[in-house]
Amino acid sequence: MPEGHTLHRLARLHQRRYAGKPVAVSSPQGRFDADVVNGSVLKRTSAWGKHLFHHYAGGPIVHVHLGLYGAFTEWEHVAGQPLPEPVGQVRMRMVGAGYGTDLRGPTVCEVLDESQVDAVLARLGPDPLRADADPAWPWTRIRKSRRPIGALLMDQTVIAGVGNVYRNELLFRHRIDPYRAGQHISEAEFDAAWTDLVALMKVGLRRGKIIVVAPEHDHGAPSYAPGRPRTYVYRRAGEACRICGETIRTNVLDGRNVFWCPVCQR
């Protein structure tokens, strides 16, 4: 599932390519009411956690949540030339001056009004990539909870935008066992982790990659997949810890695989 920095990158890309002009919006798949916004001016785009919003003149807002399988495919479009045929099940197609994008496989693609968007945001915790993010909210939730911190970090009502890579890597970087209860996390630990999370996600936003391994540790065993930056623990079960050499472990926590070093994260 794409993590929060990906949605912010998409918001910036769509703002740059489509905002300020009318756009043609359609649904080749027929499962999205595109007529509500087709031909309207896209005023601006925004992101909160894993949610993307296209704000149109007149009030309608397209809300997209990519989920596990959703993705946008971007393509160039020359005025006057025929549009490419949709490939696969395209939920939403948006075409502007010079560019087009096809959305496939999202969990959510719908038209909302302002009050409905407010209701979506009310269910989310602060987004570390937003300037208005208040860490006091997640800290209040975490310090009172008996749930494992590894589960709390993935709870979008606590912090919006954190996915499985950032969750596992952040806990390793701060030597915190993912099964430690939230109420046993100190305020100093939370403050340090929040500051680090904001910095890491800003790097992800800027570079388009989740980069979490310090330069002095960025050697040895390859990444978990070709073309991906190295990680400390994510998808490295059975391999040696980059710091202490102990075997990385894995388990399922709240339906998602969690990875940790039993020595570094006591």
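All values reported here derive from a predicted model rather than from experimental measurement.

1. Some points on the nonpolar core
Then, in step 1: In terms of nonpolar packing, the biggest core is built from 39 residues, with I142, I149, I159, Y166, F172 and L197 touching the most fellow members.
Then, in step 2: Elements with a contribution of two residues or more to this core: α3 (136-143), α4 (149-152), α5 (164-173) and α6 (187-207).
Then, in step 3: Of all the elements, α6 adds the most residues to this core, at eight residues.
Then, in step 4: Residue contacts for Y166: discarding those within four places in its chain leaves E3, H5, L197, L200, M201, G204 and I210.

2. Points about the pattern of salt bridges
Once their charged atoms are close, side chains differing in charge can pair, the charge on each being opposite to the other.
Then, in step 1: Summed over the entire model, instances satisfying the criterion amount to ten salt bridges.
Then, in step 2: Here E189 makes a salt bridge to R180, at a shortest N to O gap of 2.8 Å.
Then, in step 3: Close ionic contact of R230 with D218 constitutes a salt bridge, the shortest N to O distance being 3.1 Å. Linking R230 in the loop between α6 and β9 (249-253) with D218 in the loop between α6 and β9, this pair joins segments that are twelve residues apart in sequence.
Then, in step 4: Residue class for R230 comes out partly exposed when judged on its relative accessible area of 24%.

3. Overview of the layout of surface pockets
Where empty space is left in the structure can be found by rolling a water-sized probe over the atoms.
Then, in step 1: A volume near 400 Å³ is recorded for the largest pocket.
Then, in step 2: Together, 19 residues line the largest pocket, and E3, V165, I210, Y224 and R228 are the ones closest to its centre.
Then, in step 3: A class-by-class count of the residues in the lining of the largest pocket yields eight nonpolar, six polar and five charged.

4. Notes on the packing of aromatic side chains
Then, in step 1: A complete count under the given rule lists six aromatic pairs for this structure.
Then, in step 2: Here the aromatic rings of F172 and Y232 are separated by 4.7 Å at their centres, their planes lie at 25°, and the arrangement is stacked. Of this pair, F172 sits in helix α5 while Y232 is found in the loop between α6 and β9, placing the two residues 60 residues apart along the sequence.
Then, in step 3: Against the face of F172 rests R175, its NZ or CZ located 4.7 Å from the ring centre.

5. Concerning α5
In an α-helix, one full turn covers 3.6 residues, which means residues spaced three or four apart are oriented alike.
Then, in step 1: Taken across its ten residues, α5 has nine buried, putting it largely inside the fold.
Then, in step 2: Along α5, the residues classified as buried are N164, V165, Y166, R167, N168, E169, L170, L171 and F172.
Then, in step 3: At its buried positions, α5 is contacted by α1 (4-18), α4, α6, β9 and β10 (256-260).
Then, in step 4: Directly after α5, the chain includes R175, whose backbone phi takes a positive value near 55°.

6. Observations regarding empty space enclosed by the protein
Then, in step 1: Within the structure shown, the criterion is met by one cavity of 30 Å³ or more.
Then, in step 2: Approximately 100 Å³ is the volume found for the largest cavity.
Then, in step 3: When residues of the lining of the largest cavity are traced back to their parent elements, those giving at least two are α5 and α6.
Then, in step 4: At five residues, the largest contribution of residues to the lining of the largest cavity is made by α6.
Then, in step 5: Class assignment of the residues belonging to the lining of the largest cavity gives a composition of twelve nonpolar, no polar and one charged.

7. Let's talk about the UniProt feature "domain: FPG-type" (unreviewed entry) in the protein chain
Then, in step 1: Under the feature "domain: FPG-type" (unreviewed entry), the UniProt entry names residues 232-266.
Then, in step 2: Secondary structure across residues 232-266 comprises 0% helix and 29% strand; the distance between its end C-alpha atoms is 15 Å.

8. Description of a nonpolar patch on the surface
Then, in step 1: Residues M1, L68 and Y69 make up a contiguous nonpolar surface patch of about 370 Å² in total accessible area.
Then, in step 2: Positionally, M1 belongs in the segment before α1.

9. What to know about the side chain of H8
Then, in step 1: Along the chain, H8 falls in helix α1.
Then, in step 2: Using a relative accessible area of 10% as the deciding quantity, one classes H8 as buried.
Then, in step 3: Residues within four places of H8 in sequence aside, it is in contact with A47, G49, D127, L129, R130 and L205.

10. Quick notes on the sheet that holds strand β7 (residues 99-104)
Then, in step 1: The four strands lie next to each other as β1-β6-β7-β5, forming an open sheet whose pairing is antiparallel. Sheet topology places β1 (24-26) and β5 (71-76) at the edges, where each strand pairs with a single neighbour. In this sheet, neighbouring strand axes are inclined to one another by 15° on average, regardless of whether the strands run parallel or antiparallel.
Then, in step 2: Where β1 meets strand β6 (residues 90-95), three bridges bridge the pair, whose relative direction is antiparallel. In the sheet register, V25 faces β6, and the bridge partner there is M94.
Then, in step 3: The sheet strands contacting α1 are β5, β6 and β7, and the helix crosses β5 at an angle near 30°.

11. Re the pairing of strand β2 (residues 42-48)
Then, in step 1: Burial within β2 is extensive, with five of its seven residues counted as buried.
Then, in step 2: By the bridge criterion, six bridges tie β2 to strand β3 (residues 51-56) in an arrangement that is antiparallel. Note that in β3 the partner of S46 across the bridge is F53.
Then, in step 3: Here β2 hands over to β3 after two residues, with G49 in that stretch at a positive phi of 60°.

Rules of the game
- Residues numbered from 1 in each chain as written.
- Predicted model: local features only at pLDDT ≥ 70, side-chain atom pairs only at ≥ 80, totals over all residues.
- Heavy atoms only, no water.
- Core = buried A, V, L, I, M, F, W, Y, C linked by side-chain atoms within 4.5 Å.
- Buried < 20%, exposed > 50% of the residue type's maximum accessible area, 1.4 Å probe, protein only.
- Helix = DSSP H or I, 4+ residues; strand = E, 2+ residues; numbered from the N terminus.
- Contact = heavy atoms within 4.5 Å.
- Salt bridge = Lys/Arg side-chain N within 4 Å of Asp/Glu carboxyl O.
- 1 Å grid on protein atoms, 1.4 Å probe; cavity = no way out; pocket = protein on both sides within 12 Å on 5 of 7 lines; lining within 4 Å.
- Points joined across faces, edges and corners; volume = space filled by probe spheres on them.
- Nonpolar A, V, L, I, M, F, W, Y, C, P; charged D, E, K, R; others polar.
- Phe/Tyr/Trp six-rings, centres within 6.5 Å; stacked < 30°, edge-to-face > 60°.
- Lys NZ or Arg CZ within 6 Å of the ring centre and 35° of its normal.
- UniProt positions renumbered as here; feature names shortened; annotations may be inferred.
- Patch = residues over 30% accessible without salt bridge, like charges linked within 9 Å, V, L, I, M, F, W, Y side chains within 5 Å.
- Areas by Shrake-Rupley, 256 points an atom, 1.4 Å probe, with all protein chains shown as cover.
- Pairing = 2+ DSSP bridges.
- Axes fitted to C-alpha atoms, helices over the stretch in contact; angles between N-to-C directions.

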